[in-house]
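Residue strings, one per chain:
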Amino acid sequence: DTYEDIKMDIKIYIHDDCKLELTEYKTGTNYKISNLYEVMNNSKLILKKYYKLRAIKEFTVIDLNGINACVDYDLNTICKNFQKYDMNVNHNNKNTISNIKNSGLNIIDGTLTFNISSFVKADNCKIEENNLIVNKTLEKCIITPNIFVDNYKVESNICTNITNDENKLVNTFYKKTE
C-alpha cells in the first residue's frame, strides 16, 4: 500500500442514444475525487466500482439531463480507515431512472459514510436505492438517503441497512467484490 494523496477531477458526457459501461478498481492510497457524469436522451451509464482503500473522500454528481436517461451505479468498498461518499443524482428530465447501490465492509479502524441525495425536477422518474454497511468495528458508520421532489409523479424505493451480522449480508458483499 502506498499512502500518498491522489486528487482526481473526472467529467464524462454521454451523448444521445449511447450506452457507457465503466468499471473502476482502486486500492491502497488516499484519494480525493470529484466526479461529474452527464447522461443525455435515451442514454445509459453503467458504473461499477470496487475499492479497497485506506481513505477516500468522493463527491459524485450524476445529471440525468435527457429524456429516458438512466444510470446503474454499483459501489463496493472495503473501509480500513476513513471513507466518505457524497452523491447527488439530478433527475432533470422526464422518464429518468436511477439505480444506486452502495455496499461497504467496515473493518480495523474504519468509519464509512454514504450520503445520497436525489433531486427530482421532472415527471415519471424512478429512483431505486440500496445501501448496505457491514460494520465489524465499534466505529460509527452513517447512511443518509435524501429525496427532494418538485412534483408528484415519482416512483421511489429506498433500502438502507447498517449491520454487523455477517451471516445475512457479508456473503452477498463478497460475491460482488470478487
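Cut-offs and rules
- Residues numbered from 1 in each chain as written.
- Predicted model: local features only at pLDDT ≥ 70, side-chain atom pairs only at ≥ 80, totals over all residues.
- Heavy atoms only, no water.
- Helix = DSSP H or I, 4+ residues; strand = E, 2+ residues; numbered from the N terminus.
- Rg over C-alpha atoms; globule rule 2.2 N^0.38 Å.
- Contact = heavy atoms within 4.5 Å.
- Areas by Shrake-Rupley, 256 points an atom, 1.4 Å probe, with all protein chains shown as cover.
- Lys, Arg positive; Asp, Glu negative; His and termini not counted.
- Charge placed at Lys NZ, Arg CZ, Asp CG, Glu CD.
- Phe/Tyr/Trp six-rings, centres within 6.5 Å; stacked < 30°, edge-to-face > 60°.
- pLDDT = per-residue confidence, 0-100.
- Buried < 20%, exposed > 50% of the residue type's maximum accessible area, 1.4 Å probe, protein only.
- Pairing = 2+ DSSP bridges.

## Details of the overall build of the protein chain
Now for step 1: Helices and strands together make up the secondary structure of the protein chain, namely 1 helix and 10 strands.
Now for step 2: The order of helices and strands in the protein chain, counted from the N terminus, is β-β-β-β-β-β-β-β-β-β-α.
Now for step 3: Taken over the C-alpha trace, the protein chain has a radius of gyration of 16 Å; the compact-globule value for 178 residues is 16 Å, and the two agree within 12%.
Now for step 4: Once local pairs closer than 6 in sequence are excluded, the contacts in the protein chain between residues at least 24 apart make up 83%.
Now for step 5: As displayed, the protein chain has an accessible area near 9200 Å², and 46% of this comes from carbon and sulfur atoms.
Now for step 6: Averaged over its 23 positive side-chain charges, the protein chain has a centre that lies 2 Å from the centre of its 24 negative ones.

## Section: the side chain of Asp 63
Now for step 1: Its location among the elements puts Asp 63 in strand β4 (residues 44-64).
Now for step 2: Not counting residues within four places of it along the chain, the set of residues in contact with Asp 63 comprises Leu 36, Tyr 37, Glu 38, Val 39, Asn 90 and Asn 92.

## Some points on the packing of aromatic side chains
Any aromatic ring pair is given by two values, namely how distant the centres are and how the planes are angled relative to each other.
Now for step 1: If you walk through the whole model with that rule in mind, you get 4 aromatic pairs.
Now for step 2: With 5.3 Å between their ring centres and 15° between their planes, Tyr 25 and Tyr 50 make a pair best called stacked. Remark: Tyr 50 occurs in strand β4 and Tyr 25 occurs in strand β2 (residues 19-27); sequence separation between them is 25 residues.
Now for step 3: Within the aromatic cluster, the residues linked to one another by ring pairs are Tyr 51, Tyr 85 and Phe 114.

## Thoughts on the confidence of the model for the protein chain
Now for step 1: The predicted model of the protein chain averages 90 in pLDDT, with 90% of residues at 70 or higher.
Now for step 2: Note that residues 170-178 has pLDDT below 50 and, in this model, 16 contacts with residues that lie over four places away or in other chains.

## Remarks on unusual backbone geometry
Now for step 1: At Asn 68, a residue that is not glycine, the phi angle is positive and equals roughly 65°.
Now for step 2: In this fold, Asn 68 is placed in the loop between β4 and β5 (70-91).
Now for step 3: A residue is classified by how much of its surface remains accessible, and Asn 68, at 37% relative accessible area, is partly exposed.

## What about the pairing of strand β6 (residues 97-106)?
Now for step 1: Most of β6 sits inside the fold, with 7 of its 10 residues counted as buried.
Now for step 2: Pairing of β5 with β6 involves 10 bridges; the strand directions are parallel. Bridge pairing links Asn 76 to Ser 103 in β6.
Now for step 3: Bridge count for β6 against strand β8 (residues 125-135) is 10 bridges, and the pairing is parallel. Its bridge partner being in β8, Leu 105 is matched across the sheet by Val 134.

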